[in-house]
Each structure stands twice: as structure tokens, then as C-alpha cells.
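# Structural description and commentary
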Amino acid sequence: MTTAGIVIHRSRNSLAVLLSLAVVVLVSALSLAASIGLVTAGSASGARTVLSDAAPRAAAVQLTTHLADDPPVQDAAARTLFDGLFPAGTVAVDYSWRSGSVPLRLLGDAAAPADSTVVVGVVPALDDRVSFTAGDWEGDVGTVAVQADAAAELGLAPGDSLTVGSDSRPVTLTVAALWRATDAGDPAWFGDSAVASGRSGDSVGLLVVDAETALTLRTRYTAAWTVVGTPAATLPANRADLVRGLDRLGDDVRGPVGVMVESSGVKGSLAATIERIDVASRAAAAVATSAAFIVGVLALVALLQLSTVLATSRRRETLLLRARGLSTLQLAALAVGEAAVVALPAGVAGVGIAALVPGVATDVVVAAAVVGLLALATIGAVAATALVDARSVAPDAPPRDSPVVVVVTGALLVVAAALAVWQLHTRGTPVVAGGAPADLVAAASPALALVALAVIGAVLLVPVSGWLAAAAARRGSLPLVLATRQLARRTGRYLVPVLAIAIALAGGVFAAGLAATAVDTQRSALFVRTGAAVALDLGQPRPDDDGTRPTTAETYRQIDGVDAAAAVALGSAGIGADTVAFVGLRPDGASAVLGDDGRAFADALATTSTPDTSLALAAGASTIAATVTVTGREPATTEFAISVWVSDADGALARVPLVATPDPGVRAGALPAGVQPWRLLALESDRTGPADPRHPTVVVSDLTLDGAALNLAPVTLAVATTAATAREPVGETGEGLPVVVSSALAARIGLSVGDELELEYVPTNGDYTATVTAIVDRVPGSASRLAVATDLDTLGARSLATGRVPVVTTGVWYATATPDAVAAEVPLLATRDAAVSTASTTSSAPVVAASLSTFWIAAGTAGLLALIALAAFLLADARARRDDLGVLRALGLTPREQGAVRGWEQTVAIGTAVVVGAAGGLVATLVTVTPFAAAAVPGAVALVRIDPVFDIVPWLVFAGIVVAGVVVIVGLALLRVRRAAAVALDERGA
């Protein structure tokens, strides 16, 4: 036979092993290409989702300045500025005008309060963005389109007339149409409450007119350009340039570009949203890179195992070729060619199949890299084992298996894993902020840790097998003695399949741990960032806010899908040199809206509650009245405004002015909308006019609620010369402010329960002596690890009792099973520009979701490759021990007993692999999972402490599948052993 014939013959004889090599390459290529493509497509889709779900002011920025004398020229200059700052196609620009509060008078039958004001605006192409609920508007001069809720409040309908503007220059308009925004949450509206609810603070609106009509009003307009991010803004090639442009916008508009008039402002956080998307995309790439390392390691293990089987099965052909004059290098060259013929088509097929998977992005460069790397790995493994085996001195020479090689390799892997884990924890993340998305060394740390721990555990098979052999010898059981001694003699050969199975199972442990830790981190971060499922933040009240329009949950709790709602006061507090987050919320409100996640916080918050000494008002009451007597007033021009401070059932404070009634000395006021019942906390007088050196007194007596007398003695308000306001609580109040602090804050400044600290509530500049009553891990809604919280009732009572500016509520939290639907309805009821937060508006989960699944793909691939490596090992082992079967038959062991011996042997080895995989995976997860979970939830490190979490159920399912595969393969191998043993004695005798 010619040399070429021998080569073809041996390839034909080794077809099963070569096909197994092809399968390994195909499966690995499919897994890697699918994982990378899935992450690429998932990150891109997730980035678009994050931008589209972002709150209006997080998906856009708004540039405002005074309207110029020539608006078209100003608008053209602004668009030229935007073109120079932002990459093409990354933003859409909406242009409009807004007035301040313009006086309003209604004509005809409609009537408006004397002090009514409206907001007037110019909105180009209004009909493209709204639906007309009545009438139609063509933009004619002298006509107006009124927001439907504003029209309902004012009693307007198409055809009605109204006058806006000052008395000296009134403008009469005819209502042409009523409208509602098609999507009030569209970032182009920038969360304008005048568009969503028909109110902007104390003014009604939006009233839309044409530009010519607008300029006839004696008012000054603000020109606004709302710059909205488009899907192209999320592309990797555009993100950095867009953020740089947004950062420069505020400075560049002040240059000689013809846009700014006197002053300008830039609001909105589009840049922060794009940066959040960029960080999340890099995190997704880093997680996918780490998963790819696991696939690569198992692919290499399987390729080496199959290459070893291939080389040992060809020893006779190899010796024959050597005898014909082929050198070892020539034999290696033949192996290289053969491996290339096997690996390249298999790799191409793998990436081709991956490209057909729905939701997987295809990249030619990535596909070529995957095929090339796997082909090189295959060629290297086949050539190396062929080269080593070609130097064997005899065809029947036993394999050169030595655990020493594995031990040395394991030691090197331990060092490499330690360095990689050290770098991971030094950096705190596998993500690189610029350039390559991942630090390859840090990203490889889980794979290296898994492999190193698996090798260490696999090496334990050596002493375990020796101990079992000694124990079996003492028991005197021949099958058991044979099984353990065979295992002890062949430990070096078993290490490879044991290692493969252990790595696969360990990879499943890490996949389960990462998924569970990421979900827990995401939930905890959301809890700290937003508090409840839906959080409405109306911001701090304006300086001219008089407290008569409180933010209460009553207005919003009737929304469909709301299970519970509670008012909340969010602000900041100064403690020494630190400024920390501050949250005010009633404990029962916390229990209602925070659910199970907030139970510990609600219990801690209850420690800040103080005895209620206020005066309860009957539920459903509407009017409170009192007799007011002023003594010693001089001069006569001095007047005193009388108010009562009340709190609703949620702890929301409100000031109720008592105004004169027809009854002499009697003043009355209407309770605002709120969560019943109200409670009376304090009475207050405000002096107008010159100070009175004689210190007059104001006595409030005979308080009634809807005509029924209240059980309250007369209250005297002592008016000081130097203070315009006098306030008197209706009950006793304690000293100091009890607070709950976060554990991070307690650790930072050394606080323990019972300690006192000086605290300034920044929004009102109120100083308090606080006492720590509890320490909690997380303060919901604080968006910080450094936070303070207290009972809203206690906070309100203390702020009133100490004469400081009262602390008012700033938002409402909701418990709901349908947060997105509720969040869409909330702005329609807000009378100020509202920021509504949910998991959808704040989370980057859509960007990284696909990457978390790559570890399960890697684990599944590793499991399949481990099964292939096991099958290859059992095949090679059966060939190597074929002659032993006849000897054992001659010694009296039946085929069944020989199968049992081999079964015990393999059960011990595989059982060791399962234990090593589970234990090694758990250790590797504990050591490396937290930085990856932090990367998967951008910003979480600043909000919560991340601890490893493990969900055993997914791993048990995965391990069960792998073990079932092992049982099938081992069972088939044992069946072949029994069949071979049945004929072995006859063959030996022949």
C-alpha cells in the first residue's frame, strides 16, 4: 500500500473520532457565535428600549432662552448649533414658545376667579401631536386651541371668547378647538404638566395660538428647543460624540451664534441616559466575554481528549508510516492538514447555523475570528498529540498518563486564576471605560477560577482512589478491590473526563449564581433608587409656594391599577461635612407601598413615630372656622393673616388660610383635598404692615368644623416685634427628631442606636438635633447608600413646633402590579411638571439581559462537550483494556461482574467530578460573582451592598440533565464491556 493509501485508510478507520472532532468544533462555533450575536443584538435592542422607556426629561434635553425679535432667525441659528454638536440623525428637535402666567378674563356666561392666569404657547404642527376632542384649529389669527382639562376647569367650549393679557393691552381670542396630547409622555413635550393635565402650578393651560397672535400679547416668551434622542443615539459609534455635544451645549449657546437672549438654560439628562446605556453595553460585552472563556476552555479539553484518542488508535499506522521513511514532523504536517479539513467546514457550519437563529446578529469579522480560533485550537491539539505519539517506541506502549502533569498544570492555573481574581477585585468590574469593552484578564477570572478549582478537586481523585483501594482490600470483596485498584492505577487517565464534567457543572453553578445575584441586585437597586413600584416626584416647592396646594396621595390613588399610595417628602440633609439623602414617610404608608422588600424598613421607621397630640378632625369635614381677636394692635395699618396647619392621614402638611366671613371676627377656610381624616397641628398668624413695638396678641378661639365645635381651648399667638410669623402647636411635642440611618452612613460617621447628631434639613434650612433609633441596610427612594429617614408625621410636627419652615411632601409612591400603565396616568393628574420613575424608566436590564443568558449557553455547551470528552475517554479506555477482559474471565469473573467492576470504577470517578464541580463552582461564584453582578446593574455599587445570591433549582435541573447524559453514556459503555467480556475468553483461547 502506498503512503497516500495508508493516510486515506487510517482516516477512514478513524472516521468516528474525526467526526467527533468536527462535532466539538461545530458545537463550540455555534455556541460562541450565537452568544456573541445574541449579546450584540440584545444590547442594541435593549439600548433602544432603555431610551424609549426613559422618562421624558431623561430622553431629551431642553434649551431655553428669551424669544428673540426675529424668531425664525433665532431658530435657524439654534438648529445650526445642534448640527455642529450632535452626530447626524441622533436627535430630533422640537421648537416651541411658552409664556409666563398671563392674566385671564372670560367673556359671556363662563366665569373665572379674578386672579386666574393662563399659560400661552406656540406649538408648530400642533395637529400632528394632538387629538382634537372638540372643534378644529387651523392656526388662524385670533383663535386659540385649549387643552381639554384646562377648558373643563374654565368652562370653555369651541366658540367661546376669552380675554388674555393686561388691562392696558387685552387680547380677545375665540376658542376654536379643545385638544389632548396624543402621547403626553412623548419626550418632545418634556413632561410639561400644562400639556398633560392642563395645569402649570397656579396657572391654567396650555392655550395654543399662532405666532402672530402671540406677539400681540404684552408678555415675554421663552423659546424652547427640546432635543430628543433617536434610536441612532444608542449606536456605539454615536454615543461618545453625542454625550460630548450635550456636555458642550450649555457653553456653546453662549457664544456668538445668535441663539441666546440675555440668558439661557439647559435642562434634561439625555447625556446621563446615553452614558448609562454605554456602561450597560460594555457590561454586557464583558459578561459575554467571560462566558466565552468557559466555552473555550471546555472546547480545548474536549479537543485534547479526542486528539489523544485519535493518536493512540493510530499507533500501528504511525509506525508503518515511520518505517516508510516519514519523519515525525511530516506526520505532524499530515495531522495539521487532516485537522484543517475537519475543523474549517465544521466551524463554518457552526457560525452558519448561529446566523439562522432568530435574534442573533451576524458579524462577518466575529464569525471569521471564531472559525479561525477553533481551527487553530483543533490543529494545535491534533498536531501536538500526533507529534508526541509518533515517538512511541512500540504500538502497544501504554499511554503516558501522569497526574504530575495535571498537578503542575493545576498549580499554574491557580496562579493565573489568583492574578485574574485580584485584578477583577482591584478594578471592581470587568468593564473598561473606553477602548475595549472588557478587561480580558478580569473577564477571564470566573473561567480561570472554575478551571483551577476543578483541577485541584480532580487531583483529589488520586488520594481518594488509594484510600478506597485500601478500604476495599480490608473488606475482601474481589469486584470492589479490582474496581478501586484499577481506578488507582488509572487516575491520570480519568483526570481529563473528570475535569471536563467538573468544569461543566461548575459553570452551571456560576450561571445560576450570577443570574440570582444580578436579579437580587437589580431589585435592591430599584428599591433604593425609586422606593415603590411607581414614584412620583414633583420636586421641592417653589419659593412662592404658600403651602395651600399640598401634594397628597388622594388625587392619585383613584388611578386604575393602584393598590396603595402614600405621600413622601424627599430632600437632603447636612450632617457635618456630608450631604446625605433624606426620606420622610409614615410607617403604615411604607408597609402599604413597599411590600415585602420594605418590611424591615417599615419596622425600623416605626421607631421614629412619636405620640400624636394633634386634634383629629372628623372624616369628610370641609370647613374650619374660628373667632379671631387681636389686642394691642398699633398702628392701625398692621394686619394679621390667620392660618391653620393640618395634616392628612398620610402626613402631608397643608396650610389653610382663614379668611373673613360676614360674621364679625369670624374667619373660615376650606380643607384641601387629602387622605381623610385631617388632623389639626398648629395655628399661625402672619403680620403685614409695620412692626408693632407693643407686642400685640392674637387669640384664636371657638374653633368649629362644619359648624360643630372643636374641643380646643383658645390659642394665643404672641407676635414678636422682630418676627412676622407666630405659630403655636395645638398639643405637646417632644424634643429632637428620631431618625433611621443607613448602615453605610452609620459606618461612615460611627453611629449607633441612641446616638445624637446635628442635622440640617437642606430644603428648608431647618436645624434639628436627631437621635438614631434604628439602623437599616437600605433606605428606599434615597438613591444613595448614605441616607436618613423619619416618620413624616414626626417630621411635620417637629418642623411646625420649632417655628421652622414646615416640611411639605414632594411626591407620592404607589404599589401596583401594573407600574407602566399607572406611570402613564400619573402625569395626567399632576399640576406641576412631574418626574415619574419605575423599573422601566430607571433600569438598564434590557441591555444586559441577553448577556446573562450567555453563561447558561456556555454551561450547556460545556456540558455537551464534557459528554463528548467522556464518550471519547470511555471508547479509548475500552480499547486499551480489551485484553484484560479475557484474563478476568479466566480468573472467574463473569461478564456481569466485570461490568459491575467497571461501573464501580466509573461511578467513583464521575461522583468525584460532580462533587468537585458543585463545590468548585460555589467557591468560584462566591469569589468572582459580585463584580459581574455590579457590572450587570450599572450604578448599583453606589446604591447597595452586593452580596452573592444562589438559586439552587436551576442548577439542579442543569446538573440533572448532565448527569442523565453521563448515565446514558456510561450505561452504553458498560453494556459493551459485558458483551466484549462474554466473548473475550473464546477469542483468547482461539
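This is a predicted model, so every value here is computed, not measured. (Residues numbered from 1 in each chain as written. Predicted model: local features only at pLDDT ≥ 70, side-chain atom pairs only at ≥ 80, totals over all residues. Heavy atoms only, no water.)

## Examining the overall build of the protein chain
- When helices and strands are counted, the protein chain shows 27 helices and 30 strands.
- Rg of the C-alpha trace for the protein chain: 39 Å, well past the compact-globule value of 30 Å for 990 residues, more than 25% over.
- Per-residue burial over the protein chain gives 51% buried out of 990 residues.
- For the protein chain, the share of sequence-separated contacts (at least 6 apart) that also reach a separation of at least 24 residues comes to 82%.
- By element, 60% of the accessible surface of the protein chain is carried by carbon and sulfur atoms, the whole surface being about 40800 Å².
- The protein chain carries 65 positive and 84 negative side-chain charges, and their two centres are separated by 20 Å. (Helix = DSSP H or I, 4+ residues; strand = E, 2+ residues; numbered from the N terminus. Rg over C-alpha atoms; globule rule 2.2 N^0.38 Å. Buried < 20%, exposed > 50% of the residue type's maximum accessible area, 1.4 Å probe, protein only. Contact = heavy atoms within 4.5 Å. Areas by Shrake-Rupley, 256 points an atom, 1.4 Å probe, with all protein chains shown as cover. Lys, Arg positive; Asp, Glu negative; His and termini not counted. Charge placed at Lys NZ, Arg CZ, Asp CG, Glu CD.)

## A closer look at helix 9 (residues 315–323)
- Three or more residues of helix 9 are buried, namely Arg315, Glu317, Thr318 and Leu321. Around the axis of helix 9, the buried residues are gathered within 160 degrees of arc, so they sit on the same side. Summarising the geometry of helix 9, the exposed residues directed more than 90 degrees from the buried face are Arg316 and Ala323.
- Backbone geometry just after helix 9 places glycine 325 at a positive phi near 105 degrees. (Arc of directions from axis to C-beta.)

## Digging into the UniProt feature "domain: ABC3 transporter permease C-terminal" (unreviewed entry) in the protein chain
- Sequence positions flagged by UniProt for "domain: ABC3 transporter permease C-terminal" (unreviewed entry) are, in local numbering, residues 857–980.
- Between the end C-alpha atoms of residues 857–980 there is a gap of 38 Å, over a span that is 84% helix and 0% strand. (UniProt positions renumbered as here; feature names shortened; annotations may be inferred.)

## A short note on the pattern of salt bridges
- Using the criterion set out here, one finds 24 salt bridges in the structure.
- The residue aspartate 588 makes a salt bridge to arginine 586 at a minimum N-O spacing of 2.8 Å.
- When salt bridges with common partners are traced through the structure, they connect Arg586, Asp588, Asp612, Arg679 and Asp793 into a single cluster. (Salt bridge = Lys/Arg side-chain N within 4 Å of Asp/Glu carboxyl O.)

## Some remarks on the confidence of the model for the protein chain
- Mean pLDDT over the protein chain stands at 86; residues scoring 70 or higher make up 91%.
- Taken together, the stretch residues 393–400 has pLDDT below 50 and engages in twelve contacts with residues farther than four places along the chain or on a different chain. (pLDDT = per-residue confidence, 0-100.)

## Considerations on the packing of aromatic side chains
- Per the counting criterion, the structure on display carries nine aromatic pairs.
- Plain terms: the ring middles of phenylalanine 82 and phenylalanine 86 are 6.0 Å apart, the flat faces sit at 20 degrees to each other, and that makes the pair stacked. Judged on exposure class, the residue phenylalanine 82 and its partner phenylalanine 86 are both buried.
- Arranged with centres 6.0 Å apart and planes meeting at 65 degrees, the rings of tryptophan 856 and phenylalanine 958 form a pair that is edge-to-face. Highlighted residues: tryptophan 856 in helix 24 (residues 845–880) and phenylalanine 958 in helix 27 (residues 952–989), separated in sequence by 102 residues.
- For phenylalanine 958, a relative accessible area of 10% gives the class buried.
- Among the aromatic residues, those joined into a cluster by ring pairs are Phe510, Phe855 and Phe932. (Phe/Tyr/Trp six-rings, centres within 6.5 Å; stacked < 30°, edge-to-face > 60°.)

## So, the packing of helix 8 (residues 270–313) against helix 24
- The contact between helix 8 and helix 24 brings their axes to 9 Å, and the two run at 5 degrees. One way to sum up the angle between helix 8 and helix 24 is to call them roughly parallel. (Axes fitted to C-alpha atoms, helices over the stretch in contact; angles between N-to-C directions. Parallel < 35°, antiparallel > 145°, perpendicular 65-115°, else oblique.)

## Looking at unusual backbone geometry
- The step from glycine 205 to leucine 206 runs through a cis peptide bond, and the omega angle for that step is 10 degrees.
- Here leucine 206 is to be found in strand 9 (residues 203–208).
- Residue proline 677 is bonded to the preceding glutamine 676 through a cis peptide linkage, with omega at 0 degrees.
- Notably, aspartate 706 is not glycine yet its phi reads approximately 55 degrees, a positive angle.
- The topology assignment puts aspartate 706 in the loop between strand 21 (697–705) and strand 22 (708–709).

## Points about a nonpolar patch on the surface
- A contiguous nonpolar surface patch, about 860 Å² in accessible area, is contributed by Leu922, Val923, Leu926, Val927, Phe950, Ile952, Val953, Leu956, Val957 and Ile961.
- Listing elements by their share of the nonpolar patch, those giving two or more residues are helix 26 (895–936) and helix 27.
- Ranked by residues supplied to the nonpolar patch, first place goes to helix 27 with five residues.
- If you trace the backbone, valine 953 turns up in helix 27. (Patch = residues over 30% accessible without salt bridge, like charges linked within 9 Å, V, L, I, M, F, W, Y side chains within 5 Å.)

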